[in-house]
Amino acid sequence: MPSGTVLLDFIRYHEHLTGTKVGCNEGDCGACTLLVGTLKNNELQYRSLTSCLTPLGNVHGKHVVTIEGLNMEGLNAIQQAMYDESATQCGFCTPGFVVSLAGFCLSGKQATTENAIAAIDGNICRCTGYKSIERAAAKVAQLMHNRQAEAPTAFLAEHGILPSWFAGIKQRLYSLQTQLDGELQSPTATEWVGGGTDVYVQKHDVMKEASIRFLFDDDQLKGIRQEGNKCIMGASTTVTAMSESPLLQQYFPRLADHIKLIASTPIRNIATIGGNLINASPIGDLTIFLLALDATLLFSNGEEQRACPLRELYKGYKMLDKDAGEQLVSVSFELPGADTVFNFEKVSKRTNLDIASVNSAICVSILHDTIAHVRISAGGVAPVPKLLDLTNAFLKGRSIDPSTIDQAIAIAQTEIAPISDARGSAAYKRLLLGQLMKAHFLTILENAMH
Amino acid sequence: MKNIDAYTHLRGESIYLDDIPLIHGTLFGAAFGSPVAHGVISALDTSEAAAQPGVIRIFTHKDISGENQIGGIVADEPLLADHEVHFCGMPVAFVVADSIDAARAAVKKIKLTSEPLPAITDPREAQAKGELIIPPRTFQLGDTNSSWSQCTHIFEGQADTNGQEHLYIETQGAYAVPQEHNAIKIYSSTQGPTAVQRAVSRVLGLPMHLVEVEVNRLGGGFGGKEDQANSWAALCALAAHHLKRPVKYSLHRMEDMAMTGKRHPYAADFKIGLNEALKIVAYEVTFYQNAGAAADLSPAVLERTLFHCTNSYYIPNVKATAYSCRTNLPPNTAFRGFGGPQGMFMIEAAIAKAAEALGIDAAVIQEKNLLQTGDEFPYGQKAQSEAPECWHKATTIYDLQAGRKEVDAFNASNTLYKKGLACMPICFGISFTKTLMNQARSLVHVYTDGSVGITTGAVEMGQGVNTKILQVAAEVFSIQPEKIKIHTTNTFKIANTSPSAASATADLNGKATLLACTAIAGRLKKMAAETLGVDEQLVSLQNGYLYVNGEKTDRDWKSLVMEGHLKRIGLSEHAHYATPEIHFDATREKGHPFAYHVYGTALIEVTVDCIRGTYTIDAVKAVHDFGASMNKAVDLGQIEGGIVQGIGWMTMEEVVYDKEGRLRSNALSTYKVPDIYAVPKEIRVDFLQTPQDNLAIFRSKAVGEPPLMYGIGAYFALRNAIRAFNKSGHFPFAAPMTPERVLMALYATEKKGTIQAHEETIDHLAVNK
């Protein structure tokens, strides 16, 4: 099989494991959700992912778990909870929900209903209206209540929640990995793939036979670290890794709320920072996030490295200041100081698992009631993700009051050029950006009061 | 009893169309859809596509041996476009290749050139140009013309609802396998096996008895697979018939969304008159249904809009006219509610308009005009009404007064967030409005080991119909459910079926099953009575045993069945059921078309974020008329699911076509249905058990469609919340209430200020972005 083959197709049409379903082919429904166990530093970690967007190359040497792998004699405890709550009707989305909930059980996350529901935030059901699924998720959370420090796989096997063979996987993966080294990467690759969440939506057919360099598991592109007052994130860092980073959590107290607005659990598990920046979408959530932080990108062409401010990367719609041979290595930005407030806003048709109509971030330092520094970024209002330079320049040195905000909004209107599309009319996007700027300042004022 | 499919669903072992093991030699199809909405075909170039590796053959209309026609109600829809194309995505050619990838790659190489014709996307424009699918229809009660003088308050207005993508998670598809004697077997993901059989028979020029259609189950239908599964089945059958090899086509999501029709968008003009006491004296409404490019089921959908144009209110003087307007969009089709929700939205808009102008709560008008038993619907049927009971129970147990006070208090003390509350009563007629469709058959076999196999015309698509049918058999035979298996729906076993639709499937097929099981049980009881020498009346089946005079005997079900076989008693039965009492005269637009009505009332509460224009649905609390629910787990699932689907239609689900008739919301990334975070925080359902006799199976009223219409209340609750923030702003009655529409309404000015700019870009159809 070519390493660019979509995992879902491999599972269904090659392995004939038909419990995993084809729903949307773009990571938006969760019917194809699988679990993938990765062994790293002697630790086995399971994450859910959408198999319709995952190339085989990204699961090389890993443990892929389908619904069939979760079946035991009779129903497993997750299935039983859904059975008892009548949380399945037509059944087509059901295996995806079961797999996602198994992912929650294996994650070691705190056993709360909220966390169980977060695990199924990428699963769409058109029949039930979700209430029965919520009730089942609460029961599944209950099942995990008694787990103490025990490894999830051991606990799950012991309590008959999932099959006992999970406990032996670590050893099997270890021996598998030692046999596999070096088979995968093509030296003459023409396509580079991170998580695949965009490129496999756009051209999965081309990717199947393409010569691919897989960046997702490249350790040198992973990790979030602090150097001085800078944060450096590897290009292949996933959104999930960002949300779980203690460093980012410390500097961005509302990080969890912001990340919840971005994609879904299975997508965040594979989507990378580099992919979000380099696909050059005018509305990439992390792009907008990082623009307000004035992030700097580090590129490498294999011989030398080049730093490029993110604000200078986008030259036009989907056009980058980047040579074909250059690869994004990392992204760095200055960690916000004590007098700095950061906020991220996003409005879309559906609050979660949707692409923004308009998104915006602000990073502002306020000294003696006046704005010392401010960067407001905005997506969905121009062909490129934008820093609102004129608006930012206007705001600098002013105090925050309603008339200043109104004027700033008016100036912002002069530097954007939204278009009408499926995500909203131009008039709406103009109004919405102004509203999101108001929301930024309301959040800042709220923050100041605390 | 739980859904009988739940076990295999949860283990991923249920078989859907794409899961059927392939027969060796199977080929794969993919349709090429028109890239333009309207035009005369000048050239179709398939040469490059045909030369692609793996391509076996490309079919066009010229290859059709029978009739190039799949229109059910009106013969106006070719299977493959011949000289003209009428909508973007209209199938023009069908590529068959040795792999799915090869077929899809070849489709991209087909080139169609056409002379453009003007594309119409707006139903009002179509009506003005005389582009009608059928002549307009009018329902009338009393005399509106002479009634306006009795009205103290008269309001006129317009209202619009958009379409809705079905978004069954399993896409459309079919798998055709050639058989001997030129026969063909088709596995189809269809709600209407007979519709598929007819379409294939017509296209191939084969008698129906050579066309076997089999359906195991669907991964969701919602009306989208009632008539629109026909095309894919006919295309696969066409190719399989010619190539003598199995051909399968399971649509890619984007093909499915672009090529299939959706819920009909409607525009309407209304005029409502009330007297001093706020009784609605007269109501006139004109509906403009956006039918799309072909009739499909539009005439029937149009009819149901008229049937439900007064929702659960009695209005003595009504004139409702409906136009089915031909536009250059994919033919719109059945979707849960079938035109009823659109009719109900318009009367609710009219009531809301009156309430807003009079400065009163719409609930005051709603309550004063609820249907009472004996009141006449505009189509002549007399109501057996549960409307007042549902309303009073809902407003009492959920305390409307207190809820109203809480909302007012919240709104008085909050500037950035506003709450809204609305009541939504519903009334939905059960039966196919076409009387002849209200018939069904069931084939019941009792095997000599006591196991039972049942085949009906019902298609299981998650609604639990097979579970209910199994319950019927288990009840009559008084045996364990495990002894009964509901088999696939198959046109060679059950003929001339009506589609699984109109909420009536369990009633029709359940009643037929009841008749069949009762006949077999009767024969066995008669035999046992003779054997035992007792009166037949004293013999009964209970808990798997034969009882005589209420006393258990040692004769269990299995031995009874075996004795029956030895004595050559018929252990199989094919029973026919036709709903009694119903009739409708379309020449007078009067009759008694429905076996019964389902009623209910829901209270819907929302909170709007007035800075961002986003919102949450806080609660939906319903009192629903179940008659006597035979399966509360299944029925609750239908209610919760229906409510959320209805809310989706009214809020975030926005079908967007551009001016050229191209679908812009063509994937799940651009068309959003509710996810787990978007659903109401709280849904409460009170099971109102109504004692009156009805024609439902075991008096358990149909539950598939009615709850969707509670979702309409979300629109009006949002409207109320917006009006708490922006008291003077003008904004139209247009659904869905997307965050865009909410924000624009929050900041709309009194005289069509902001909103006018908004309307220029998004009209009532959302087609002109």
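Parameters and conventions
- Residues numbered from 1 in each chain as written.
- Chains lettered and ligands numbered in written order.
- Predicted model: local features only at pLDDT ≥ 70, side-chain atom pairs only at ≥ 80, totals over all residues.
- Helix = DSSP H or I, 4+ residues; strand = E, 2+ residues; numbered from the N terminus.
- Rg over C-alpha atoms; globule rule 2.2 N^0.38 Å.
- Core = buried A, V, L, I, M, F, W, Y, C linked by C-beta atoms within 7 Å.
- Buried ≥ 20, exposed ≤ 12 C-beta atoms within 10 Å, placed from the backbone.
- Contact = placed C-beta atoms within 7 Å.
- Pairing = 2+ DSSP bridges.
- Axes fitted to C-alpha atoms, helices over the stretch in contact; angles between N-to-C directions.
- Domains from an automatic or database assignment.
- Nonpolar A, V, L, I, M, F, W, Y, C, P; charged D, E, K, R; others polar.
- Parallel < 35°, antiparallel > 145°, perpendicular 65-115°, else oblique.
- Left-handed = near helix turned anticlockwise from the far one by under 90°.

Peer 1: Help me out: how do you make sense of the overall build of chain A in this one?
Peer 2: Helix and strand counts for chain A come out as 18 helices and 16 strands. In terms of overall size, chain A behaves like a compact globule, its C-alpha atoms giving a radius of gyration of 23 Å where 450 residues would be expected to give roughly 22 Å. With the C-alpha coordinates of chain A rotated into their principal frame, the extents come out at 70 × 50 × 45 Å.

Peer 1: For this particular structure, what's the right way to read the nonpolar core?
Peer 2: If you look at the biggest cluster of nonpolar residues, it comprises 395 residues, and the most contacted ones within it are Leu101(A), Val95(B), Cys236(B) and Ala237(B). Of all the elements, helix H14 (residues 505-532) of chain B adds the most residues to this core, at eleven residues. Excluding residues within four positions of it along the chain, Leu101(A) makes contact with Ile78(A), Ala116(A), Ala119(A), Ile120(A), Ala137(A) and Val140(A).

Peer 1: Explanation requested: the sheet that holds strand S8 (residues 153-161) of chain B in the structure shown.
Peer 2: Note on sheets: strands pair through backbone hydrogen bonds, and any given pair is parallel or antiparallel. All names here are of chain B. Strand order in the open sheet formed by six strands is S7-S15-S14-S13-S8-S30, and the pairing between neighbours is mixed. Two strands in the sheet have a free side with no partner beyond their single neighbour: strand S7 (137-141) and strand S30 (733-734). Bridge analysis of S8 against strand S13 (residues 266-274) gives nine bridges, and the strand direction is antiparallel. By the bridge assignment for S13, Ile154 is matched with Gly273. Running over the sheet, helix H9 (residues 340-358) touches S8, S13, strand S14 (280-292) and S30 and is turned about 135 degrees from S8.

Peer 1: Whenever I open this one, the domain arrangement of chain A confuses me. Can you help?
Peer 2: How big an interface is tends to be stated in terms of the accessible area lost upon association of its parts. Residues and elements named next belong to chain A. Taken domain by domain, chain A holds domain 1 (7-180) and domain 2 (219-450). Inter-centroid distance (C-alpha atoms) of domain 1 to domain 2 is 32 Å. Each side of the interface is counted separately: domain 1 has 13 residues, and domain 2 has eight residues. Every element with two or more residues in the side of domain 1 that touches domain 2 is listed here: strand S2 (43-50) and helix H5 (113-119). If one sorts the elements of the side of domain 1 that touches domain 2 by residue count, S2 sits on top with four residues. Looking at the side of domain 1 that touches domain 2, its residues break down into three nonpolar, seven polar and three charged.

Peer 1: Even after reading the chapter, I still don't get the interface of chain B and chain A, so can you show me in this structure?
Peer 2: Contacts between the two partners involve 66 residues from chain B, matched on the other side by 63 residues from chain A. Ranked by residues supplied to the side of chain B that touches chain A, first place goes to helix H16 (residues 632-650) of chain B with six residues. Residue composition of the side of chain B that touches chain A, by class: 30 nonpolar, 18 polar and 18 charged.

Peer 1: Explanation requested: the sheet that holds strand S12 (residues 247-250) of chain B in the structure shown.
Peer 2: All names here are of chain B. Sheet architecture is open: eight strands sit in the order S3-S5-S1-S12-S9-S10-S11-S20, paired in mixed fashion. Looking along the sheet, the strands with just one partner apiece sit at the ends: strand S3 (55-59) and strand S20 (489-490). Taken together, the six bridges between strand S1 (residues 27-33) and strand S5 (residues 91-97) define a ladder with antiparallel strand orientation. Looking across to S5, one finds that Phe32 is bridged to Ala93. Packing of helix H6 (residues 230-243) onto the sheet brings it into contact with S1, S3, S5, strand S9 (173-178), strand S10 (184-188) and S12, and relative to S9 it is tilted by some 25 degrees.

Peer 1: Even after reading the chapter, I still don't get the environment of Ile4(B), so can you show me in this structure?
Peer 2: Residues and elements named next belong to chain B. For Ile4, the position within the fold is in the segment before helix H1 (6-10). Residues Ile4 and Asp227, 223 residues apart in the sequence, show an inter-C-alpha distance of 26 Å. The residues touching Ile4, leaving out its near neighbours within four places in the chain, are Asn466, Thr467 and Leu470.

Peer 1: Got a minute to help me understand the domain arrangement of chain B in this structure?
Peer 2: Annotation of chain B at the domain level lists domain 1 (6-117 + 172-250), domain 2 (266-432 + 589-761) and domain 3 (439-578). Listed per partner, the contact involves 17 residues of domain 1 of chain B and 21 residues of domain 2 of chain B.

Peer 1: I would appreciate a short explanation of the packing of helix H17 (residues 712-725) of chain B against helix H18 (residues 739-746) of chain B in the present structure.
Peer 2: Think of two packed helices as two axes; the pair is described by the angle between the axes and how far apart they sit. All names here are of chain B. Axis separation between H17 and H18 bottoms out at 9 Å; the angle between their running directions is 30 degrees. The orientation of H17 with respect to H18, classified from their angle, is roughly parallel. Note that H17 runs across H18; the crossing there is right-handed. Counted together, Leu718, Ile722 and Phe725 of H17 and Val742, Ala745 and Leu746 of H18 form the full contact between these two elements. The class makeup of the residues in the contact of H17 with H18 is six nonpolar, no polar and no charged.

Peer 1: Explanation requested: the pairing of strand S6 (residues 224-227) of chain A in the structure shown.
Peer 2: Along a regular strand, successive side chains alternate from one face of the sheet to the other. Residue and element names in this part refer to chain A. Sheet topology note: the S6/strand S7 (residues 230-234) ladder contains four bridges and is antiparallel. In the sheet register, Arg225 faces S7, and the bridge partner there is Ile232. Linking S6 to S7, which pair antiparallel, is a turn of two residues; within it Gly228 sits at a positive phi near 65 degrees.

Peer 1: Just to check I follow, could you spell out the environment of Asn162(B) for this structure?
Peer 2: Residue and element names in this part refer to chain B. Secondary-structure assignment places Asn162 in the loop between S8 and S9. With 25 C-beta atoms counted inside 10 Å, the residue Asn162 sits in the buried group. Between the alpha carbons of Asn162 and Ala495 there is a distance of 36 Å; along the sequence they are 333 residues apart.

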